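# Architecture and fold: a report
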Amino acid sequence: MLHPRRSPAAALLTATLVSLCTMLATGCAATRPASPDPAARTLHIFDGESGEPLGWSDVVDRASNADATFVGERHDDPTGHAVQLAIYQDLLARFPGTAIAVEHLERNEQDMLDRYLRGEITPDQFIDGTESRDWAGKDTWIGFWQPLVDTAREYDSPVIAGNAPRDFVRRARTEGHAALDGLPQPERALFDIPLQSVPGDADWDARWAAYKRRFQEFMSGGDPTAEDLERTATVFLSQSTWDGTMGASAAQALAAGAPKVVFCAGCFHIERSGGTVLQFLARRPGAKALTVTVVDSSSPELRDEDRGLADIVIYGFPVQRAPRTNG
């Protein structure tokens, strides 16, 4: 594996800052897609089950053999976003028209997104119109997700606003899925109710149950009590609405004619047979899904705790985060 002369961490940070400063200085007028730093393709990469070291070409080859590639991110991790862009650009080079779908845009924003892709509105109008500028912190959209959109725009490829509007996600928790399912069009087209079972597929059902349990454990901070299970089951109505909508969005992109789709979302939705991946597979029987996750720490080998996180596990660099405060 080749390594750049400068450290990968410094290279990635420099590339992100240069891109960010350039776009800010021009009022975000530039729409040429950014290129990920070469360091994004020279990280420590492993098969998520065997721990076998992989090269970047292995990542692209495996993505080429899949119908959908799901890339899990820690939202504030620059390395993860650089990897997402590198995967998308390299897959797009092999399969023109490959769609990019993102958790960070909601279906009711698709029209504004399409207007930007057609050149009818400026980048600032698009970013501010979707209230995306500070999605994961101040000015994070410009460096983290706008390059994906601009790459697709440059190569006339689809961009999918893959998520459910937050109002319907909230209503899923307070009113339940049955109430949402009865809403009239066009509201009903803005989200998908998550499937709870796949007839004849006990393995899928078991993985969905395991995902729900893992969510409840996470929300409870450990081994959940009966009270925790009841409380988090309600919260899971929202979580699974996100998953149902995102999984369906990926499936719909393929049905619309995209040769491949790359879906970028938070790692919990993707890792360890995450809900978004399962909902995609339930709606696209026989499809091949590849999962990739970028861990925000360094390791020269697959760590035991990361075995099974995804089909491909990539190690990046620690992210400096502000300490949480009470109150």
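Fair warning: this is a prediction, and the values are worked out from it, not measured in the lab. (Residues numbered from 1 in each chain as written. Predicted model: local features only at pLDDT ≥ 70, side-chain atom pairs only at ≥ 80, totals over all residues. Heavy atoms only, no water.)

Bringing the nonpolar core into the picture now. Counting residues in each nonpolar core, the largest one holds 43 residues, and the members touching the most others are W56, I100, F126, L148, I312 and I314. When residues in this core are grouped by element, the largest group, 8 residues, is from helix α3 (residues 78–94). By size, the runner-up hydrophobic cluster in this structure holds 27 residues, among which are A99, A172, L254 and V261. (Core = buried A, V, L, I, M, F, W, Y, C linked by side-chain atoms within 4.5 Å. Buried < 20%, exposed > 50% of the residue type's maximum accessible area, 1.4 Å probe, protein only. Helix = DSSP H or I, 4+ residues; strand = E, 2+ residues; numbered from the N terminus.)

What follows concerns the environment of E175. Structurally, E175 can be placed in helix α8 (residues 166–175). With relative accessibility at 42%, the residue E175 sits in the partly exposed group. The spatial distance from the C-alpha of E175 to the C-alpha of T234 is 9.7 Å, given a sequence separation of 59 residues.

Packed helices, taken two at a time, are described by the angle their axes make and the gap between the axes. Two numbers describe how helix α10 (residues 202–220) lies on helix α12 (residues 275–283): the axes approach to 10 Å, and their chain directions differ by 155°. Judged on the interaxial angle alone, α12 and α10 are roughly antiparallel. Where α10 crosses over α12, the handedness of that crossing is left-handed. On the side of α10, the interface is formed by W204, R207, W208 and Y211, while α12 contributes G275, L278, Q279, L281 and A282. When the residues that make up the contact of α10 with α12 are grouped by side-chain class, the tally is 6 nonpolar, 2 polar and 1 charged. (Axes fitted to C-alpha atoms, helices over the stretch in contact; angles between N-to-C directions. Parallel < 35°, antiparallel > 145°, perpendicular 65-115°, else oblique. Left-handed = near helix turned anticlockwise from the far one by under 90°. Contact = heavy atoms within 4.5 Å. Nonpolar A, V, L, I, M, F, W, Y, C, P; charged D, E, K, R; others polar.)

Let's shift gears to the pairing of strand β6 (residues 261–266). Taken across its 6 residues, β6 has 6 buried, putting it largely inside the fold. With 6 bridges connecting them, strand β3 (residues 68–73) and β6 associate as parallel partners. What sits directly across from A68, in β6, is V261. The pairing of strand β4 (residues 99–106) with β6 spans 4 bridges and is parallel. (Pairing = 2+ DSSP bridges.)

Another point: the side chain of D306. Turning to its location among the elements, D306 is positioned in the loop between β7 (289–295) and β8 (312–315). Here the side chain of D306 touches Y315 through a polar contact of 2.6 Å, side chain to side chain. Residues within four places of D306 in sequence aside, it is in contact with G48, R272, V313 and Y315. (Polar contact = N/O pair within 3.5 Å; in protein donor to acceptor, adjacent residues only side chain to side chain.)

Spatial ordering of the open sheet is given by β2-β1-β8-β7-β3-β6-β4-β5, a layout of 8 strands whose pairing is mixed. If you trace the sheet from one side to the other, it starts and ends with β2 (53–54) and β5 (159–163), each paired once. Most of the contacts of helix α11 (residues 226–255) go to β5, to which it runs at about 155°, and overall it touches β3, β4, β5 and β6.

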